[in-house]
Amino acid sequence: MRPTQEDSISGNYKEIFLEICRNCSAVLCCRMAPLQKAQIVKLIKASKEHPITLAIGDGANDVSMILEAHVGIGIMGKEGRQAVRNSDYAIPKFKHLKKMLLVHGHYYYIRISELVQYFFYKNVCFIFPQFLYQFFCGFSQQPLYDTAYLTLYNISFTSLPILLYSLIEQHINMDILKKDPSLYRDIAKNSLLRWPIFLYWTILGVYDAIVMFFGAYFLFDNTTFTSNGQLMTTNTQMMFGNWTFGTLVFTVLVFTVTFKLVLDTHYWTWINHFVIWGSLIFFVVFSLLWGGIIWPFLNYQRMYYVFMQMLSSGPAWLSIILLITASLLPDVVKKVIWRALWPTTTERIQNADKLYKGQLSEFTPLASLHAPSKAGSHRRGSGNERNVPNPRRLWLKRDKRSRTIRSPKEERDNEVRMMKKAAAAVMMRRMALK
Amino acid sequence: MGKEEQELANRPDNTAFTQQRLPAWQPMLSAGIVIPGFVLIGLAFIGIGVALFITSRSIQVLEFDYTGVEQNSPCFNCTGQKVLNCVCNLDFSIDRPFTGTVFFYYGLSNYFQNFRKYSVSKDDSQLYGDITYFKSPSVTCSPYDYDSNNQPIVPCGSIANSMFNDTFKLNNINGSKVDLVPLDGKGIAWWTDYNIKYRNPSITPLKNAFNNTVKPIFWSKPAYELDTTDPANNGFINQDFLVWMRRAALPNFRKLYRRIDKGLPIGNYSLAISYNYPVLSFNGRKKVVFSNVSWMGGKNEFLGIAYLVIGSMCVFMSIVMLIVYAKFKFPEED
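In this text the structure is predicted, and so the values were computed from the model without any measurement.

Participant: Before we move on, can you summarise the packing of aromatic side chains with the specific residues and values?
Facilitator: Residue and element names in this part refer to chain A. Per the stated rule, a full pass over the model turns up 71 aromatic pairs over all chains. Note on F126 and Y153: the rings are 4.1 Å apart at their centroids and 15 degrees apart in plane angle, and the pair reads as stacked. A residue pair is termed long-range when its members are at least 10 positions apart, and F126 in helix 5 (residues 96–134) and Y153 in helix 6 (residues 147–157) qualify at 27 residues. Like Y153, F126 is buried. Sitting above the plane of the W338 ring, K334 keeps its charged end 5.7 Å from the centroid.

Participant: Please give an account of the interface of chain B and chain A that cites residues and values.
Facilitator: The interface of chain B with chain A comprises 71 residues on the first partner and 82 residues on the second. A buried area of about 6,900 Å², summed over both sides, lies between chain B and chain A, and 64% of it is on carbon and sulfur atoms. Sorting the residues of chain B by area buried against chain A places Q20, M28 and W190 of chain B first, and these three jointly supply 11% of that buried surface. Counting across the interface, chain B meets chain A through zero salt bridges. The tally of links between chain B and chain A comes to 14 residue pairs in polar contact (both at pLDDT 80 or more). Mapped onto the side of chain B that touches chain A, the elements with two or more residues apiece are helix 2 (31–57), strand 3 (102–109), helix 3 (116–119), helix 7 (191–197), strand 6 (253–260) and helix 10 (301–328) of chain B. Per element, the largest residue contribution to the side of chain B that touches chain A is 13 residues, and it comes from helix 10 of chain B. Looking at side-chain class alone, the side of chain B that touches chain A contains 45 nonpolar, twelve polar and 14 charged residues.

Participant: Could you give an account of the nonpolar core, with specific residues and numbers?
Facilitator: In terms of nonpolar packing, the biggest core is built from 68 residues, with Y149, F245, F250 and L253 of chain A touching the most fellow members. The element contributing the most residues to this core is helix 10 (residues 242–264) of chain A, with eleven residues. Once you skip the residues sitting within four places of it in the chain, F250 of chain A turns out to touch F126, Y145, Y149, Y153, F157 and F283 of chain A. By size, the runner-up hydrophobic cluster in this structure holds 61 residues, among which are C78, V154, M163 and A209 of chain B.

Participant: Kindly report on the state of the cysteines, identifying the contributing residues and their values.
Facilitator: As used here, a disulfide is simply a covalent bond connecting the sulfur atoms of two cysteines. Residues and elements named next belong to chain B. Counting across every chain of the model gives three disulfides over all chains. A sulfur-sulfur separation of 2.0 Å characterises the disulfide bridge that pairs C75 with C88. Taking the sign of the torsion about the S-S bond as the criterion, the disulfide between C75 and C88, at about 80 degrees, is right-handed. Here C75, found in the loop between strand 1 (61–65) and strand 2 (86–94), pairs with C88, found in strand 2; they are 13 residues apart in sequence, far enough to count as distant. One exposure class covers both C75 and C88, and it is buried.

Participant: Before we move on, could you go through the layout of surface pockets and cite the residues and values that matter?
Facilitator: The computed volume of the second largest pocket comes to approximately 1,600 Å³. Of all the secondary structure elements, the ones that give two or more residues to the lining of the second largest pocket are helix 5, helix 9 (195–220), helix 10, helix 13 (314–341) and helix 14 (345–356) of chain A together with helix 2 of chain B. It is helix 13 of chain A that provides the largest number of residues to the lining of the second largest pocket, a total of ten residues.

Participant: I'd like a rundown of the pairing of strand 6 of chain B, residues and numbers included.
Facilitator: Residue and element names in this part refer to chain B. Burial analysis of strand 6 places eight of its eight residues in the buried class, the great majority of the element. Bridge count between strand 3 and strand 6: seven bridges; the pairing is antiparallel. Pairing of F103 across the sheet is with R259, part of strand 6.

Participant: Could you give me a rundown of the sheet that holds strand 1 of chain B, with the residues and numbers involved?
Facilitator: Residue and element names in this part refer to chain B. Read across the open sheet, the four strands follow the order 1-8-3-6; overall the sheet is antiparallel. Only two strands of the sheet have a single partner each, and these edge strands are strand 1 and strand 6. Taking each pair of neighbouring strands and ignoring which way they run, the sheet shows an average axis angle of 20 degrees. When strand 1 meets strand 8 (residues 285–292), the two strands line up antiparallel, connected through five bridges. Residue pairing in the sheet places V61 in a bridge with S291 of strand 8.

Participant: Let's hear about the environment of C86 of chain B: which residues, and what values?
Facilitator: Tracing the backbone through its elements, the reader meets C86 of chain B in strand 2. Setting aside residues no more than four positions away along its own chain, C86 of chain B makes contact with N77, C78, I273, S274 and Y275 of chain B.

Participant: Now, about the pattern of salt bridges: what can you tell me, with residues and values included?
Facilitator: Evaluated as defined, the whole model comprises 18 salt bridges over all chains. Of the charged contacts, one joins K260 of chain A and D264 of chain A as a salt bridge, the two residues approaching to 3.0 Å between their closest N and O atoms. Here K260 of chain A and its partner D264 of chain A are both found in helix 10, four residues apart, which amounts to about one turn of the helix. By relative accessible area, D264 of chain A is classed as buried at 7%. Across the pair D261 of chain B and R259 of chain B runs a salt bridge whose closest N-O atoms are separated by 3.9 Å. Taking relative accessible area as the criterion, D261 of chain B reaches 42% and is therefore assigned partly exposed. Members of the salt-bridge network, linked through shared partners, are K260, D264, D331 and K335 of chain A.

Each value, and the rule that gives it
- Residues numbered from 1 in each chain as written.
- Chains lettered and ligands numbered in written order.
- Predicted model: local features only at pLDDT ≥ 70, side-chain atom pairs only at ≥ 80, totals over all residues.
- Heavy atoms only, no water.
- Phe/Tyr/Trp six-rings, centres within 6.5 Å; stacked < 30°, edge-to-face > 60°.
- Helix = DSSP H or I, 4+ residues; strand = E, 2+ residues; numbered from the N terminus.
- Buried < 20%, exposed > 50% of the residue type's maximum accessible area, 1.4 Å probe, protein only.
- Lys NZ or Arg CZ within 6 Å of the ring centre and 35° of its normal.
- Contact = heavy atoms within 4.5 Å.
- Buried area = accessible area lost by both parts, 1.4 Å probe.
- Salt bridge = Lys/Arg side-chain N within 4 Å of Asp/Glu carboxyl O.
- Polar contact = N/O pair within 3.5 Å; in protein donor to acceptor, adjacent residues only side chain to side chain.
- Nonpolar A, V, L, I, M, F, W, Y, C, P; charged D, E, K, R; others polar.
- Core = buried A, V, L, I, M, F, W, Y, C linked by side-chain atoms within 4.5 Å.
- Disulfide = S-S within 2.5 Å.
- 1 Å grid on protein atoms, 1.4 Å probe; cavity = no way out; pocket = protein on both sides within 12 Å on 5 of 7 lines; lining within 4 Å.
- Points joined across faces, edges and corners; volume = space filled by probe spheres on them.
- Pairing = 2+ DSSP bridges.
- Axes fitted to C-alpha atoms, helices over the stretch in contact; angles between N-to-C directions.

Interpretation in functional terms is not warranted from these geometric data alone.
Quick look at the structure:
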């Protein structure tokens, strides 16, 4: 392949070359000029599945390849800093690539996909009730929530929990990720940001919004939904107005979306607790303060005492609890059933980790972690089948000798070899005894 | 030596936070937690739902539409144009006595108090008793801020202007005896509205504060004469006025009119209605509602039914999950 010729003959050779390369697990190209390296990357990028390519190098001759690939990694080497300057990520040694890809890359993808999906979800939940309200207020653009709530929802009440999730979340232990590269396949091909998952989140958001709005609607419509008023004066039943209606929906909303994140978080540090419960407490305290004082800078005093009135009503509390539970129910059920019927490799590892209570390390044999499931003949995100027999009986010991990752086929062959050896030893002992 | 120091200076922090090694709790949504949890929640919800449903069933409600649309309705004569000061009588009887405090509501249908332009049309500073805003009402009140002679309207705005002005008297008919049932109008509005949010101007007599202003166009009496019998119920802190000013959330709503403290025994009743409020032009409806209340408020079957439905769904889901787990998970474990 000469860099200057772009006529049809070398184009034909490119096709054949690409076909051959796709059938190999590793291809070695020697004595390549920098431009040729970039051309190889371009060739792979343009192939049928349009894969995401990663190029790693340490010298100045790797720069064009690093720039061409989707992800370019430079190694701070003896050949200078050219590669590092042109790369997306720089590492000091080649061996760091493993942790960077398998651990950090995996974590970042999980975090960012959850961030994106959750953001759309919580805003769908936020705005859809407001949209539904227009059908009942003469399409006059009357807001359902007070201005303060509209402004602060995305800034103060629901921003910190997801921010922290996207910085700290670890759905699986680092060591297991390093040990089992096949887990990376669970997120291959942008699996968590594809249309089906996005549709699921959106439909969940719409469902939650409908539950929240119509739950409150049927409580308020043509009934005498009132407070009990026993804290202030006796024997009064004070009627609720439209801001109380909106505040009820908003309270259910904030608690629902925060609890959704609670259900999705797998790694609870003290900061998680602080941020999540703190956001909810902040919402309550803010509402009490906002409605507790006649603020002089406000033109309208429409929120005065609304939140407290709402909280002084028994039915309001009952409906808040009911609506939060009804909103979260389908997601919990879906999670549990999917985890039982069609677990991903990730989820199996999480189960195994829980079983062994964190004693899994980089050196535990692979086969012990992949217990097959009877129902799931297909595993999402990964391709091949594994028919390892119940491994718990065989593999609870750490394999101290092997410090390399072996493929499962190798592991199985190893097992068979060792069993044959043991059987032969037993036979020999028996024959010796006779 | 310097180069080493420089390298060490560039080294990232090795704290638990920056190296993501913070101690953490790693919970998992496993069957052992979820299934019992669902069963508990389901049973609790069913219990609450049953209690709510039974309570709601025991609440009595009487509702009468008195708009007068049909020919045979008692208030049909009042629906004509140019009929002033019409009084119609609504007769009804009660078979089961209402025990405890009975709440007397008026209800409106197809009435959008939550319409945006309507709901911003008031001046909170005027209603707080600030005299300066008596002379220059806020521009949000327009077109109900100045009348045709350019006099400021107090209280301004369409919410105040459209205040409900039907009045009711309830008579208990005992053979030939006609007893007036006492209606209590104290404390029907929010305590905070009455005491803090709405204040009369601090000029006595109250009438003088309203010099050089006019009453709202639709009103028959000015604000300082809303209740001449009780000065604590006059001006902006009139209880009926406050109840009206708290805008309803939905187009079909009820507002509290009076309380009947001693309940309503069995018998025949006649409700004398001063029919003043026109609703037919926008296909609205007017009704009166008698209801007693319980710890959960008025009659509302939705809450009880919703709790029962969600509770049974929880129990059902837990059974489904148990089946799924039993079939697909348990045989594999030792």
